[in-house]
Protein chains: 2
Amino acid sequence: MTIQTALKELSKMLCNRLSASDPDRNAHAQSEAHFPPCPPDAVAFPQDTAEVSRILKICNEHGCPVVPWGTGTSLEGHALATRGGVSLDMGRMDRLLAVHAEDMDAVVQPGLTREALNQELRATGLFFPVDPGANASLGGMAATRASGTTAVRYGTLRDNIMALEVVLADGRVIRTGSRARKSSAGYDLTALFVGSEGTLGVITELTVRLQGQPEAISAAICAFDDIDAAVNTVIATIQMGIPMARIEFVDAATACAFNLYAKTEMPEKPHLLVEFHGSPAGVAEQAERFGEIVADMGGSGFEWARKTEDRTALWDMRHKAYYACLALRKGATALVTDVCVPISRLAQTVEETRADIDASPITGPILGHVGDGNFHAILLVDPGDAAQLAEARALSNRMVERALEMGGTMTGEHGVGLGKLDYMEREHGQGWMVMGEIKRALDPKNVLNPGKVVRSN
Amino acid sequence: MTIQTALKELSKMLCNRLSASDPDRNAHAQSEAHFPPCPPDAVAFPQDTAEVSRILKICNEHGCPVVPWGTGTSLEGHALATRGGVSLDMGRMDRLLAVHAEDMDAVVQPGLTREALNQELRATGLFFPVDPGANASLGGMAATRASGTTAVRYGTLRDNIMALEVVLADGRVIRTGSRARKSSAGYDLTALFVGSEGTLGVITELTVRLQGQPEAISAAICAFDDIDAAVNTVIATIQMGIPMARIEFVDAATACAFNLYAKTEMPEKPHLLVEFHGSPAGVAEQAERFGEIVADMGGSGFEWARKTEDRTALWDMRHKAYYACLALRKGATALVTDVCVPISRLAQTVEETRADIDASPITGPILGHVGDGNFHAILLVDPGDAAQLAEARALSNRMVERALEMGGTMTGEHGVGLGKLDYMEREHGQGWMVMGEIKRALDPKNVLNPGKVVRSN
């Protein structure tokens, strides 16, 4: 068997850093979402780029699938080895290699997590701003083009990666980009690998942009009578050029989940959670102007979290939204899905989604990164209940259809993985064929995370 | 002949919108830089996407080169038809198709120029922020990943294009991206085509991001004793998180050129030109803090241009720098070159470049977009003087070598074109081979701007 032949060779090279034990295979068999477990044939734990290169050469020669693994926190089953082969656990390549404080960048290995990076940066006055909630690895975040609550201000991984080292399917090692802030020197290979979900190459080093820690931060929460008023508040704020560092929407169902889970006393209405970064005077001005817009739009219960601990509590609550929602239904798992639309269509899209979920037997709070037009539905299902899962899938399908009709995209930040492959042709048409042509050019034997993003011949 | 067969078919289809007249061929034979004229066999003036698709089908069938043409303002000979064939003049596809004010985006045809777009946007309170100096077409700006004075605040074309319509070599029409602010739905084809210099497809429609016109603007100019002090001022400003809309560096030689050309009375020293955008209070605070940094760094002659006309005069002077420098030597043409380095290495790179030019017989002012680490040398040569051109090329070569040694790139914004193809392997190594693999996958017959960006087999 080709996979077995590859594993034999890998075992010789990696010794006990190639494991086919059940605990290791099972630990790399699942993600945080509802997909059934899918263990790889073995797990490899490379220590450096040269080793990754040798692993890929062997696997490419024998046609053995290689599926890169970060922390396993992705939501669409990206890292599941659906065709067997090797799960390539990048966790041992987790060092911060360099911090260039004057240039505000850092060079990291892919297994370093964003929280560990920010911990190491503490003394520098700098931080890595992208925050998807989970303590994901930076390699995984790059591979899925992650974003989260702060993208409205600091951009997504697309905007925060300056350079990559990538190992290609045949073991060649390339470097893309540089530490220069911009370049016009040929095709933007960095952007091509960011978001390619491990199907074009394995990221073995990243140069990331850093930001200065803001001098002042203020955060607030306020309630609205309807979704429209909340979204219009955001549109007006953006149009006035008031720079928000975060602007999060939670619907009435999510507020209810918070109340039950975190013992808060939020009115069961749509809410906005907002944060400003800047100079003390700048933040004060932004907060004041935002307050005026909220008042104009009929917002209420406006509360500023000026102290660090209040702010931490606010975002902690937001980050635990997934668990708060899961707790609404005892023992439930969730189909978590996200779409992204032009902000002018956001209120309508959320309202129609809300009505659609309400008309179904599924419990499904809605929340999202409203400044980007990006929102999530957390569709609760009882594990193993095929009818409920089908119902949740149908709701998710209609969310995608609706998003595409509105000029948006099937996923703003969760990625394609297993869950959204069926929509690729619908969203991209011939463009999906072009993705396939690129895949075949760079990975002709289809060994890199096969079956994801594109369909092979 | 294959080109002649293609031209015959194109002529049938386009009638008088295919021209082989000398005036039309000569108008598409040169760029703004020093490259010798290179007329195409014919010029096509398509009116819509369907026509572009038919043109490409015909040319692909017959192996006839197609070189897209915007306004001909690029600096590295990108749009020269060095292998003959058809210059595809996109000038008749110059409409603003839609403005979505709430979403702050616009849909445009590639022949629309940035000044025409901003003229049309006047009443909306929005503007397209990227400003490379020349009144380039938006298609050309996307194809070369242009940037300019405002990139430090608003990014390059990479950051300001949300979606594209592209015609591929074989005539297929694809759409990349969407009007959503972000997406994780597969490979970032938009980023792949931005900066591909017409070698992967012809851009026939663009969705661009717009910005709100700032409530308040202030601009200033100040002098420094040396390059180091000027660059350290910029580094400190960035690190304090003071958002600059523009921050331009000109060296003493450029100040001298301004004095002669525009009758200014600048001290013959390095200068910074800076602009802030924001709320009145925000701009005032930023200006004050910037002034403090300048004083700390020993800057002098600080002058604020608060009135619109003073500000216009300041940026007008900056935009005419090329002509001011050309005027330093009567009848001269110029080899204009740019590199980009990490900002911590900028002072050293500029100083070494200055010393190198001073030790040569060439006059060559240096100026640049210092907030990005990007600078230009305008190397003056007498037309037809091969020895001078060789000298200028050698200076430019050493600039590239120096930039790469500093961890930077051979070009921050001018692109590869003809002038920098020889450095691609040096900068990208195996990555350049990967660019070639992508090119061959998407344009197997090498008809799209052949000989640019990659080398064909």
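Residues numbered from 1 in each chain as written. Chains lettered and ligands numbered in written order. Predicted model: local features only at pLDDT ≥ 70, side-chain atom pairs only at ≥ 80, totals over all residues.

Quick look at the overall build of chain A now. For chain A, the helix and strand inventory stands at 17 helices and 18 strands. Computed over C-alpha atoms, the radius of gyration of chain A comes to 22 Å, within 12% of the 23 Å expected from 2.2 N^0.38 for 457 residues, which places it in the range of a compact globule. The burial tally for chain A puts 58% of its 457 residues in the buried class. Counting only contacts in chain A whose residues sit at least 6 apart along the sequence, the fraction spanning at least 24 positions is 71%. (Helix = DSSP H or I, 4+ residues; strand = E, 2+ residues; numbered from the N terminus. Rg over C-alpha atoms; globule rule 2.2 N^0.38 Å. Buried ≥ 20, exposed ≤ 12 C-beta atoms within 10 Å, placed from the backbone. Contact = placed C-beta atoms within 7 Å.)

Turning our eyes to something else, we now look at the nonpolar core. Nonpolar side chains in soluble globular proteins tend to be buried together. By size, the foremost hydrophobic cluster in this structure holds 290 residues, and its most contacted members are Val66 and Leu379 of chain A together with Val66 and Leu379 of chain B. Apart from the residues within four sequence positions on either side, Leu379 of chain A is in contact with Ala334, Leu335, Thr337, Ile362, Gly364, Ala392, Leu395 and Ser396 of chain A. (Core = buried A, V, L, I, M, F, W, Y, C linked by C-beta atoms within 7 Å.)

The next thing to look at is the interface of chain A and chain B. How large an interface is tends to be reported as the accessible area lost when its parts come together. In this complex, chain A contributes 71 residues to the contact, which on the side of chain B involves 71 residues. Elements that contribute at least two residues to the side of chain A that touches chain B include exactly helix 7 (157-160), strand 9 (173-177), helix 8 (189-193), helix 9 (227-239), helix 11 (280-296), helix 16 (424-428) and helix 17 (430-442) of chain A. Residues that form the side of chain A that touches chain B fall into these classes: 25 nonpolar, 30 polar and 16 charged. (Nonpolar A, V, L, I, M, F, W, Y, C, P; charged D, E, K, R; others polar.)

Let's shift gears to the confidence of the model for chain A. Of the residues in chain A, 99% have a pLDDT of 70 or more, and the chain-wide mean is 95. Prediction confidence for the complex, expressed as pTM and ipTM, is 0.97 and 0.96 respectively. (pLDDT = per-residue confidence, 0-100.)

Residues and elements named next belong to chain B. With their axes 9 Å apart at the nearest point, helix 9 (residues 227-239) and helix 11 (residues 280-296) run at an angle of 140° to one another. Here helix 9 runs over helix 11; the crossing is right-handed. Packed against helix 9, whose contacting residues are Thr233, Ala236 and Thr237, the element helix 11 presents Phe290, Ile293 and Val294 at the interface. In terms of residue class, the contact of helix 9 with helix 11 is made up of four nonpolar, two polar and no charged. (Axes fitted to C-alpha atoms, helices over the stretch in contact; angles between N-to-C directions. Left-handed = near helix turned anticlockwise from the far one by under 90°.)

Here we take up the relation of the copies chain A and chain B. Mapping chain A onto chain B leaves a residual RMSD of 0.0 Å; the transformation is a rotation of 180° accompanied by 0.0 Å of translation along its axis. The transformation relating the two chain copies, once decomposed into turn and shift, fits a two-fold axis. Most of the interface of chain A is mirrored in chain B, where 100% of its interface residues are also at the interface. (Least-squares fit on C-alpha atoms with pLDDT ≥ 70 in both.)

Residues and elements named next belong to chain A. Across the sheet, which stays open at both edges, the five strands sit in the order 5-6-10-8-9 with antiparallel pairing between neighbours. Each edge of the open sheet carries a strand with a single partner, namely strand 5 (96-100) and strand 9. The average angle at which neighbouring strand axes cross in this sheet is 15°, direction not considered. Where strand 8 (residues 161-167) meets strand 10 (residues 202-209), six bridges bridge the pair, whose relative direction is antiparallel. Looking at the pairing, Val167 lines up with Val202 of strand 10. (Pairing = 2+ DSSP bridges.)

As a further point, take the environment of Gly278 of chain B. Residues and elements named next belong to chain B. By the secondary structure assignment, Gly278 is in strand 14 (residues 271-278). Placed 130 residues apart in sequence, Gly278 and Gly408 show a C-alpha to C-alpha distance of 31 Å. Look past the residues within four positions of Gly278 in its chain and what remains in contact with it is Pro214, Ala216, Val283 and Gln286.

Tracing the chain through its elements places Asp372 of chain A in the loop between strand 17 (366-369) and strand 18 (374-381). Residue Asp372 of chain A is classed as buried on the basis of its 25 C-beta neighbours within 10 Å. Asp372 of chain A sits 217 residues away from Gly155 of chain A along the chain, and the two C-alpha atoms are 9.6 Å apart. Sequence-distant contacts of Asp372 of chain A, defined by excluding residues within four places in its chain, comprise Ala151, Val152, Cys340 and Gly412 of chain A together with Arg181 and Lys182 of chain B.

Here we come to the packing of helix 17 of chain A against helix 17 (residues 430-442) of chain B. Two elements in contact, helix 17 of chain A and helix 17 of chain B, have axes separated by 9 Å at closest approach and are oriented at 135°. Relative to helix 17 of chain B, helix 17 of chain A is oriented oblique. By crossing handedness, the relation of helix 17 of chain A to helix 17 of chain B is classed as right-handed. Between helix 17 of chain A and helix 17 of chain B, the residues in contact are Val434, Glu437, Ile438, Ala441 and Leu442 of chain A and Val434, Glu437, Ile438, Ala441 and Leu442 of chain B, respectively. (Parallel < 35°, antiparallel > 145°, perpendicular 65-115°, else oblique.)

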